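Given next are the chains, with one letter for each unit.
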Amino acid sequence: QVQLVESGGGLVQAGGSLRLSCAASARTLSNYFMGWFRQPPGKEREFVASIWWSGGNTNYADSVKGRFTISRDNTKNTVYLQTDMPKPEDTAVYYCAARPAEISEYAYWGQGTQVTVSS
């Protein structure tokens, strides 16, 4: 069982920066992929980025590549999403998620945190 709690959302100006955090409660995350997803207003939830906890391998949606960075802190069991140069279209509720490596769908989700980018 994994519990996830996001923080760090808020209002940011386009071109600024914001860091989202996701604190994970689990015995171990060594066999997990951690992901960030988002749901813009009136749209479906979409993938943003993911990281393999053990190896640090990362993957990004094309829309955020080069602007957002996912990372993790093993000592704090926390995964981060650094959002640089945000755009108004990045406005969404951002969710943290986790899945064991042996399954393909994310099984654990946080409650979400709102990010609003003003132009």
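No experiment lies behind these values; they were computed from the predicted model shown.

Looking now at the overall build of the protein. Within the protein one finds 0 helices and 11 strands. The linear arrangement of helices and strands in the protein, starting from the amino end, is β-β-β-β-β-β-β-β-β-β-β. In summary, the protein has a C-alpha radius of gyration of 13 Å against a globular reference of 14 Å for 119 residues, a match within 12%. When the backbone C-alpha atoms are referred to their principal axes, the protein occupies close to 40 × 25 × 25 Å. Counting across all 119 residues of the protein, residues that qualify as buried make up 43%. Residue pairs in contact within the protein that sit at least 24 positions apart in sequence constitute 53% of those at least 6 positions apart. Working note: accessible area of the protein is about 6,200 Å², and carbon and sulfur atoms make up 45% of it. The distance from the centre of the 11 positive side-chain charges to the centre of the 10 negative ones in the protein is 4 Å.

Here the focus is the pattern of salt bridges. As enumerated under the stated definition, the model contains 4 salt bridges in all. Between Arg38 and Asp90 there is a salt bridge whose closest N-O contact spans 2.8 Å. Taken together, the residues span a long stretch of sequence, with Arg38 in strand S4 (residues 32-39) and Asp90 in the loop between strand S8 (78-84) and strand S9 (92-100) at a distance of 52 residues. Overall, the relative accessible area of 4% leaves Arg38 in the buried class. The exposure class assigned to Asp90 is buried, which follows from its relative accessible area of 2%. Here Lys65 makes a salt bridge to Asp62, at a shortest N to O gap of 3.1 Å. You can call Lys65 partly exposed: its relative accessible area is 49%. Residue Asp62 is classed as exposed on the basis of its relative accessible area of 67%. One salt-bridge network, in which partners are shared between bridges, spans Arg38, Glu46, Arg67 and Asp90.

A positive phi is found at Asn77, a non-glycine position, where the angle reads about 50 degrees. Topologically, Asn77 is positioned in the loop between strand S7 (68-73) and S8. A positive phi angle, close to 50 degrees, is found at Met85, a residue other than glycine. Within the fold, Met85 resides in the loop between S8 and S9. Since its relative accessible area comes to 53%, Met85 is described here as exposed.

Once that is clear, we can look at the pairing of strand S5 (residues 46-52). Alignment of S4 against S5, held across 6 bridges, turns out to be antiparallel. Opposite Arg38, over in S5, you have Glu46 as the bridge partner.

Let us now look at the side chain of Glu6. Checked against the element boundaries, Glu6 lands in strand S1 (residues 3-7). Look at Glu6: it is buried, it has no salt bridge, and the nearest opposite charge is Arg45 at 8.3 Å. In terms of polar contacts, Glu6 uses its side chain to reach the backbone amide nitrogen of Cys96, at 2.7 Å. A distance of 3.0 Å separates a polar side-chain atom of Glu6 from the backbone nitrogen of Gln111.

Cut-offs used in this document
Residues numbered from 1 in each chain as written. Predicted model: local features only at pLDDT ≥ 70, side-chain atom pairs only at ≥ 80, totals over all residues. Heavy atoms only, no water. Helix = DSSP H or I, 4+ residues; strand = E, 2+ residues; numbered from the N terminus. Rg over C-alpha atoms; globule rule 2.2 N^0.38 Å. Buried < 20%, exposed > 50% of the residue type's maximum accessible area, 1.4 Å probe, protein only. Contact = heavy atoms within 4.5 Å. Areas by Shrake-Rupley, 256 points an atom, 1.4 Å probe, with all protein chains shown as cover. Lys, Arg positive; Asp, Glu negative; His and termini not counted. Charge placed at Lys NZ, Arg CZ, Asp CG, Glu CD. Salt bridge = Lys/Arg side-chain N within 4 Å of Asp/Glu carboxyl O. Pairing = 2+ DSSP bridges. Polar contact = N/O pair within 3.5 Å; in protein donor to acceptor, adjacent residues only side chain to side chain.

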